[in-house]
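# Remarks on the overall topology
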Amino acid sequence: MFETVLIALNHSSLDARVIATAKYLILPSLSKLVLVHVLSVSQENRDRDASRPLSTAEDLTNHQIEEYLRKIGQELPGLDPIFEMVEGDVETEIIRLANIYQANLIILGTRGLTGVDRILAQSVSSQVVEQAPCTVLVVKP
């Protein structure tokens, strides 16, 4: 049984599908749901003043966070999700948070890359599947 589910979101059109996939799971009413959005650290942000917000964080507004929480409320009523927004290497942060929250399941999307494109683009989903401390459910577009 999945007591703690981590859902990785990336502010894309696939997010709604990733959230909708969670409704097909049988989750106990006491399940912990952790929504995660990782902000990539660009070269321009590496040297910035730490007290200043990231420019990419401005793209993920409070409205979008509220929209994520609303969708979760519709798809999985009765669960009170936690929202985590962190900065760093995407797959590393997903794995780190899965360990912190002791997740039993990670749900994330994939861009659907195959072959050489998957290798060259360094597929986040492939790396999470390989390194995760728990079961991983990958949602295709």
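Residues numbered from 1 in each chain as written. Predicted model: local features only at pLDDT ≥ 70, side-chain atom pairs only at ≥ 80, totals over all residues. Heavy atoms only, no water.

### A short note on the sheet that holds strand S3 (residues 82–87)
Spatially, S3-S2-S1-S4-S5 is the arrangement adopted by the five strands of the open sheet, whose pairing is parallel. The two strands at the open ends of the sheet, each matched to only one other strand, are S3 and strand S5 (135–139). For this sheet, the mean inter-axis angle between neighbouring strands, taken without regard to orientation, is 20°. Judged from the three bridges that link them, strand S1 (residues 4–9) and strand S4 (residues 105–109) form a sheet pairing that is parallel. (Pairing = 2+ DSSP bridges. Helix = DSSP H or I, 4+ residues; strand = E, 2+ residues; numbered from the N terminus. Axes fitted to C-alpha atoms, helices over the stretch in contact; angles between N-to-C directions.)

### Points about the packing of helix H1 (residues 15–22) against helix H4 (residues 62–75)
It is the contact of H1 with H4, at a shortest axis distance of 9 Å, that shows an interaxial angle of 30°. By the angle class used here, H1 and H4 are roughly parallel. With respect to the hand of their crossing, H1 and H4 are arranged in right-handed fashion. Seen from H1, the contacting residues are Asp15, Ala16, Ile19 and Ala20; seen from H4, they are Tyr68, Lys71, Ile72 and Glu75. Per-class residue counts for the contact of H1 with H4 are five nonpolar, no polar and three charged. (Parallel < 35°, antiparallel > 145°, perpendicular 65-115°, else oblique. Left-handed = near helix turned anticlockwise from the far one by under 90°. Contact = heavy atoms within 4.5 Å. Nonpolar A, V, L, I, M, F, W, Y, C, P; charged D, E, K, R; others polar.)

### Here's the deal with the environment of Ala132
Within the secondary structure, Ala132 sits in the loop between helix H7 (124–131) and S5. Sequence separation between Ala132 and Ile106 is 26 residues, and the spatial gap between their C-alpha atoms is 8.2 Å. Excluding residues within four positions of it along the chain, Ala132 makes contact with Ile95 and Ile106.

All we've got here are geometric facts, nothing functional implied.
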